[in-house]
Amino acid sequence: MRYLSLNVEAESPLVIRADHAAGGAGSAGYISGTALLGSLAAVYRSYYPEDAQAFGRLFLSGEAQYPDLYPANFNSQSMQNANTSPVYPLPKTAQSCKRFAGFPYLADEKREEERHGVRDSLLDWAVFEIGKQATANKNNLSINIETLLHPLEGNKECPVCKNSMDHFTGFYRRSSAGRMARAEASTRLLTRTGINRETGTVQEGILYNRRVFDEHTRFWGMLKMPEDLAASLTDFINEVGQSGLVRIGTGRTRGSGKAHLNLDPQVVEQESFETRLQKFDYLLREQAVKAYDKTIKPYLSQFYFALTLHSPAILRDEMLRYRGSIDARALCGLLRMPEDSAGSFELIYQAASARRVMGWNEMWGTPRTNEYAIDTGSVFLFAFKGEDKQVDPLKQALLRLEEEGIGQRRAEGFGRVCICDPFHREVEL
């Protein structure tokens, strides 16, 4: 599998609709993989109308996975120029000071208002749930209510100003030194008038607004594809990327959606998959011992890991119903394990929500079927209670899961998952 960094810069206002409601349309905060795939497919079909076989492999077979493109505009010049550094969505467990929210300023950032930092609350909830279960199972372990709630109460207020902590959303980039910054996408409202289809003039009574991304807004995403497809797609994007022919989103007949594209080889992460899993598991155990002392050790499971969605995931059960969560049984299906092994897994904690997915089929000119997905940033923490010899095969299955993704429409950017996201180790503000 080949990984490529795709950088996109808007050359005209970019309109990305989030729905197709009759009374108006909400705007999405990023460019969906569906919109990107459709735009590239339309240009490729115009450039190479006779090359049906290559078109099928690139855009119809699902071999190439086109990503959601997240905003990549930063106040820090060093972050702005890091074109190959990933931009990820913040997990739903991220939190910051309600009054002075944001990552600490970097050296080359212009300081405006005060910021008190960002932390992750997943391990707080994990430790609380572990302590609660150890007490509720009528074991010899007895934890008083104040000690049990301390992991949650201890980070309820900002340690700097004593204001409440609140959820922190958006997209962020991490530097090679480990510092982080949130992307700041610039948007504005465009006012439009409706057109009478019969006369071609302004229709009285139809005036609407569209929220658009400003010109020169940057976006980042990671393409995944087989080695033999990478060369042909790279050549195609290099040919049309700066031509101005690629149009993304809606309002293209009114001058919106013009974008420039650029591909770079993806930078390999310094931290290996195995190290990432070990650090997360070790830190969770360390936090549990810190909260409840060493008496909690016999009640800890064999191995802990977290699934964090870096894009929406469309999952269905055996009855073809949409899933709003990932439980132990669903996890076994994703890992390609037998259903009777579900007893080895336990969902300790989840922070998740569902959303409706809408879209437009560029090639057919028709709306797509509405679907429901588990939203970006959703987090699922699992405990593995099997034998020690089963941990290594589990890690291999988790690695495959991260590389391949989960659920339906993965070619359009859905189902990207990170196992034990390093952001969850940011337990300090």
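Structure's up top.
Residues numbered from 1 in each chain as written. Predicted model: local features only at pLDDT ≥ 70, side-chain atom pairs only at ≥ 80, totals over all residues. Heavy atoms only, no water.

Student: Looking at this structure, how should I read the overall build of the protein?
Tutor: What the protein contains, in helices and strands, is nine helices and 20 strands. Overall, the C-alpha framework of the protein stretches about 80 × 50 × 40 Å when taken along its three principal axes. Expressed as a percentage of the 429 residues in the protein, the buried residues total 48%. Long-range contacts, defined as pairs at least 24 residues apart, comprise 74% of the intrachain contacts of the protein with a sequence gap of at least 6. A total of about 21100 Å² of accessible surface is found on the protein, and carbon and sulfur atoms cover 48% of it. Side chains of the protein give 52 positive and 54 negative charges; the mean places of these two sets differ by 3 Å. (Helix = DSSP H or I, 4+ residues; strand = E, 2+ residues; numbered from the N terminus. Buried < 20%, exposed > 50% of the residue type's maximum accessible area, 1.4 Å probe, protein only. Contact = heavy atoms within 4.5 Å. Areas by Shrake-Rupley, 256 points an atom, 1.4 Å probe, with all protein chains shown as cover. Lys, Arg positive; Asp, Glu negative; His and termini not counted. Charge placed at Lys NZ, Arg CZ, Asp CG, Glu CD.)

Student: For this particular structure, what's the right way to read helix α1 (residues 33-47)?
Tutor: Each α-helix turn comprises 3.6 residues. Residues three or four places apart therefore point the same way. Here α1 is 15 residues long and its end C-alpha atoms lie 21 Å apart, about the 21 Å a rise of 1.5 Å per residue gives. α1 sits mainly inside the fold: 11 of its 15 residues count as buried. All of the buried residues along α1 are Gly-33, Thr-34, Ala-35, Leu-36, Leu-37, Gly-38, Ser-39, Leu-40, Ala-41, Val-43 and Tyr-44. For α1, the secondary structure elements touched by its buried residues are β1 (2-10), α2 (52-59), α6 (227-240) and β12 (259-265). (Expected span 1.5 Å × (residues − 1).)

Student: Explain the pattern of salt bridges here, please?
Tutor: It is possible for side chains bearing opposite charge to pair when their charged atoms get close. For the structure on display, the rule yields 27 salt bridges. Through salt bridges with shared partners, a single ionic network connects Arg-316, Arg-368, Glu-371, Arg-409 and Glu-412. (Salt bridge = Lys/Arg side-chain N within 4 Å of Asp/Glu carboxyl O.)

Student: Looking at this structure, I do not really get the sheet that holds strand β7 (residues 171-174). What am I missing?
Tutor: The pairing of strands in a sheet happens through backbone hydrogen bonds and is either parallel or antiparallel. As summarised here, the arrangement of the three strands in space is β3-β7-β8, forming an open sheet in which the pairing is antiparallel. Looking along the sheet, the strands with just one partner apiece sit at the ends: β3 (87-89) and β8 (180-182). Direction aside, neighbouring strands of the sheet carry axes that sit 35 degrees apart on average. Bridge count between β7 and β8: three bridges; the pairing is antiparallel. Residue Arg-174 lies in a different strand from β8, and its bridge partner there is Met-180. (Pairing = 2+ DSSP bridges. Axes fitted to C-alpha atoms, helices over the stretch in contact; angles between N-to-C directions.)

Student: Is there a simple way to explain unusual backbone geometry in this structure?
Tutor: Comment: phi is negative for the bulk of residues other than glycine, and the bulk of peptide bonds are trans. Positive phi, normally seen in glycine, also occurs at Lys-162, with a value near 70 degrees. As for its placement among the helices and strands, Lys-162 is situated in the loop between α5 (145-153) and β6 (165-167). Residue Lys-162 is classed as exposed on the basis of its relative accessible area of 55%. For Cys-420, which is not glycine, the phi torsion reads 55 degrees and is therefore positive.

Student: Which parts of the structure should I look at to understand the environment of Pro-298?
Tutor: Within the secondary structure layout, Pro-298 lies in the loop between α7 (273-292) and β13 (303-309). Looking at Pro-298, the relative accessible area reads 65%, which means it is exposed. With 69 residues separating them in the primary sequence, Pro-298 and Leu-229 have C-alpha atoms 50 Å apart.

Student: I'm lost on the pairing of β13 in this one. Help?
Tutor: If a strand is regular, its side chains alternate between the two faces of the sheet. Burial within β13 is extensive, with seven of its seven residues counted as buried. The side-chain alternation of β13 yields two buried faces, one formed by Phe-303, Phe-305, Leu-307 and Leu-309 and the other by Tyr-304, Ala-306 and Thr-308. In terms of strand pairing, β13 meets strand β20 (residues 417-419) through three bridges, oriented antiparallel. The residue of β20 that forms the bridge with Leu-309 is Val-417.

Student: Explain the packing of helix α4 (residues 122-136) against α5 to me, please; I cannot follow it from the model alone.
Tutor: When two helices pack together, their arrangement is given by the angle between their axes and by how far apart the axes lie. At a closest axis distance of 8 Å, the pairing of α4 and α5 adopts a crossing angle of 165 degrees. Comparing their axes, α5 and α4 come out roughly antiparallel. With respect to the hand of their crossing, α4 and α5 are arranged in left-handed fashion. Across from Asp-124, Trp-125, Val-127, Phe-128, Gly-131 and Lys-132 in α4, the residues of α5 making contact are Leu-148, Leu-149, Pro-151 and Leu-152. Residue classes in the contact of α4 with α5 are distributed as seven nonpolar, one polar and two charged. (Parallel < 35°, antiparallel > 145°, perpendicular 65-115°, else oblique. Left-handed = near helix turned anticlockwise from the far one by under 90°. Nonpolar A, V, L, I, M, F, W, Y, C, P; charged D, E, K, R; others polar.)

Student: Is there a simple way to explain the sheet that holds β13 in this structure?
Tutor: Pairing is antiparallel across the open sheet formed by four strands, whose spatial order is β14-β19-β13-β20. The open sheet has two edge strands with one neighbour each: β14 (345-351) and β20. Taken pair by pair, the neighbouring strands of this sheet meet at an average axis angle of 20 degrees, ignoring direction. Here six bridges tie β13 to strand β19 (residues 379-384), and the two strands are oriented antiparallel to one another. Bridging from a neighbouring strand, Tyr-304 pairs with Ala-383 of β19. Contacts from α7 reach β13, β19 and β20, with the element oriented near 115 degrees to β13. Packed on one face of the sheet, helix α9 (residues 391-404) meets β13, β14, β19 and β20 and runs near 5 degrees to β13.

Student: For this particular structure, what's the right way to read the nonpolar core?
Tutor: A general feature of soluble globular proteins is that nonpolar side chains tend to end up buried together. Of all hydrophobic cores here, the largest spans 56 residues; its most connected members are Phe-305, Leu-307 and Ile-326. Elements with a contribution of two residues or more to this core: α4, α7, β13, α8 (328-334), β14, β19, α9 and β20. Setting aside anything within four residues of it in sequence, one finds Ile-326 in contact with Leu-307, Leu-315, Leu-331, Leu-334, Leu-347, Ile-374, Phe-380, Phe-382 and Ile-406. Formed by 35 residues, the second largest nonpolar core is a distinct cluster that contains Phe-55, Phe-219, Leu-233 and Ala-259. (Core = buried A, V, L, I, M, F, W, Y, C linked by side-chain atoms within 4.5 Å.)

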